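Examining the three-dimensional arrangement
Each chain is listed here by its residues.
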Amino acid sequence: MKMKYSGYKGKILRINLTTKKTSTMEITDEFARKYLGGNGFSARFIFDMVDPRIDAFDPTNVVSMMTGPFQGINIPTAGKYHMATKSPLTNGFFDSISGGHMGAEIKYAGYDGFLITGRSDKPVYVFVDDDNVEFRSAEKIWGRLTSETQEMIKEEIGDPKICVSAIGPAGENRVRYACVITEYRAAGRGGVGAVMGSKNLKAVAVRGSGTNEVADPEKFEEWMKWFNEEVKKVPALASGLPTYGTPVLVSSINNMFGAWGLGTIRPSSSRDGRASPGRR
Amino acid sequence: MKMSVLLATEKKPLVRFDMKKCAFCKICEFSCAKFHYGKYGDAISRITIIRKSPLMFKCLICTRCEKRYCITACPTKALSYKNGNIVVDEKLCNSCGDCVKACPFQGIRLHPETKMPIICDLCNGDPSCVKACPKGALSLVWLPETRK
């Protein structure tokens, strides 16, 4: 079904690891307008599909990988994808947003996201190639680090261009804050890697050959030029974050929270990414 | 455009890639797909950046190499070298994919819908990837041609 908005593909892929079967679920324009994408989609699906009384490592728990309408076009600061599940660390809803090109690749494959349920009896990884979904044996790569896993999967499929989200030994051993790594970027904090490990799912590899369009390309280009110039005027976005990474925000957030009378952390060396000598 | 055509008869164009400046944003791929098809997608882009390790990137694009493996590999002689570009004759091409396998630089791929080989054509002498790169990692250089 073609949707009214070109930012959505209108299809969610449901992957069941117990039966090794997949099905697609359609989303409507109203649904997209109401929940927008990413976090909204994930929260709605997990609210509908997961029983709140189960353990996080139960086979019926859902791992959701969702994308938003900005994926796969060159809007700056929007290249992210979203992972959510019932967290083994807090036993509540948990979401994490990760960088990398996974979100764009999911869109190019023709989906808005994946919902992964069930538990495989043997280690597997899922390879999504547009409409074909394969469950491949991951016994060779079980126990490997994430960077090795990604390289081995790319070698096995024979395409260096595919995008792989993998877990490492932490996720396999169900460490309750294990991450899922795409390229060198992490969906961290709440243990979505441990839930993937409990499903015996080593990795999700995606290759898409589709395309994305925008409704009004000329206006979009104009807006993009304006946006890129505006971004360069903000010092934190122009020089701070690209040079020092996320830790550059520590000092400014510290000042903000201090002004509000909330808790602050003591300044110490290298905590704000600049390795300046500070007092302990 | 005329200038580049004149230059291409004497010299060889090359889109040079500086690994140290690349931020792996793939804006070059977006701009390439946008220029040629008006859509966004990495399967229809003629330039591809892949990541080997945290700080090691590789740029897959037609380098106009001296051996021209793709032209010799083509069974129907649909490929030819004209004014610094490998040109595809779409009437002769039978979409066998031999040129894709023959290219050691992985600079050729088949279009997912039309199944025609897509090769960098320098966007009529003014590459959009070079213009779009926010880090200045791509540049167009002219090398002396050793083979006509």
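Residues numbered from 1 in each chain as written. Chains lettered and ligands numbered in written order. Predicted model: local features only at pLDDT ≥ 70, side-chain atom pairs only at ≥ 80, totals over all residues. Heavy atoms only, no water.

**Section: the overall build of chain B**
Along chain B, the regular secondary structure elements total five helices and eight strands. In sequence order, chain B lays out its α and β elements as α-β-α-β-β-α-β-β-α-β-β-α-β. For chain B, whose C-alpha radius of gyration is 15 Å, the value lies close to the compact-globule estimate of 15 Å for 148 residues. A principal-axis box enclosing the C-alpha atoms of chain B has dimensions of 40 × 35 × 30 Å. (Helix = DSSP H or I, 4+ residues; strand = E, 2+ residues; numbered from the N terminus. Rg over C-alpha atoms; globule rule 2.2 N^0.38 Å.)

**Here we look at the overall build of chain A**
Across its full length, chain A holds nine helices and 12 strands. Expected size for 280 residues packed as a compact globule is a radius of gyration near 19 Å; at 20 Å, chain A falls within 12% of this value. Each of the three principal axes of chain A carries a C-alpha extent, and together these read 55 × 50 × 40 Å. For chain A, the proportion of its 280 residues judged to be buried stands at 46%. Taking the intrachain contacts of chain A between residues at least 6 apart in sequence as the baseline, contacts between residues at least 24 apart amount to 63%. Summed over all atoms, the accessible surface of chain A reaches about 14,400 Å², with 52% contributed by carbon and sulfur. Charge separation in chain A, taken as the distance between the mean sites of 37 positive and 31 negative side-chain charges, equals 7 Å. (Buried < 20%, exposed > 50% of the residue type's maximum accessible area, 1.4 Å probe, protein only. Contact = heavy atoms within 4.5 Å. Areas by Shrake-Rupley, 256 points an atom, 1.4 Å probe, with all protein chains shown as cover. Lys, Arg positive; Asp, Glu negative; His and termini not counted. Charge placed at Lys NZ, Arg CZ, Asp CG, Glu CD.)

**Thoughts on the interface of chain B and chain A**
With 20 residues of chain B in contact, the opposing surface of chain A contributes 21 residues. In this assembly, chain B packs against chain A so that about 1,800 Å² is buried in total across both faces, 59% of it on carbon and sulfur atoms. Linking chain B to chain A there are one salt bridge. The partner of Asp42(B) in a salt bridge is Lys161(A), and the shortest N-O contact between them spans 3.4 Å. (Buried area = accessible area lost by both parts, 1.4 Å probe. Salt bridge = Lys/Arg side-chain N within 4 Å of Asp/Glu carboxyl O.)

**A few points about the pairing of strand β4 (residues 79-82) of chain B**
All names here are of chain B. Bridge analysis of β4 against strand β5 (residues 85-88) gives four bridges, and the strand direction is antiparallel. For Tyr81, the partnering residue across the bridge sits in β5 and is Ile86. Between β4 and the antiparallel strand that follows it, β5, lie two residues; Asn83 among them carries a positive phi value of about 50 degrees. (Pairing = 2+ DSSP bridges.)

**Looking at the sheet that holds strand β5 (residues 93-98) of chain A**
All names here are of chain A. Taken in spatial order, the six strands make up an open sheet running β2-β1-β6-β3-β4-β5, and their pairing is mixed. This sheet does not close on itself; its edge strands, each paired only once, are β2 (21-26) and β5. On average, each strand axis in the sheet is tilted by 20 degrees relative to the strand beside it, whichever way the strands run. (Axes fitted to C-alpha atoms, helices over the stretch in contact; angles between N-to-C directions.)

**Quick look at a nonpolar patch on the surface**
Residue and element names in this part refer to chain A. The grouping of Leu249, Ile253, Met256, Phe257, Trp260 and Leu262 at the surface amounts to a nonpolar patch, some 550 Å² of accessible area in total. Examined against the element boundaries, Met256 turns out to sit in helix α9 (residues 249-259). A relative accessible area of 38% means that Met256 is categorised as partly exposed. (Patch = residues over 30% accessible without salt bridge, like charges linked within 9 Å, V, L, I, M, F, W, Y side chains within 5 Å.)

**Comments concerning the confidence of the model for chain A**
Of the residues in chain A, 92% have a pLDDT of 70 or more, and the chain-wide mean is 86. Across chain A, element-level confidence peaks in strand β6 (residues 113-117) of chain A with a mean pLDDT of 94 and bottoms out in α9(A) with 75. (pLDDT = per-residue confidence, 0-100.)

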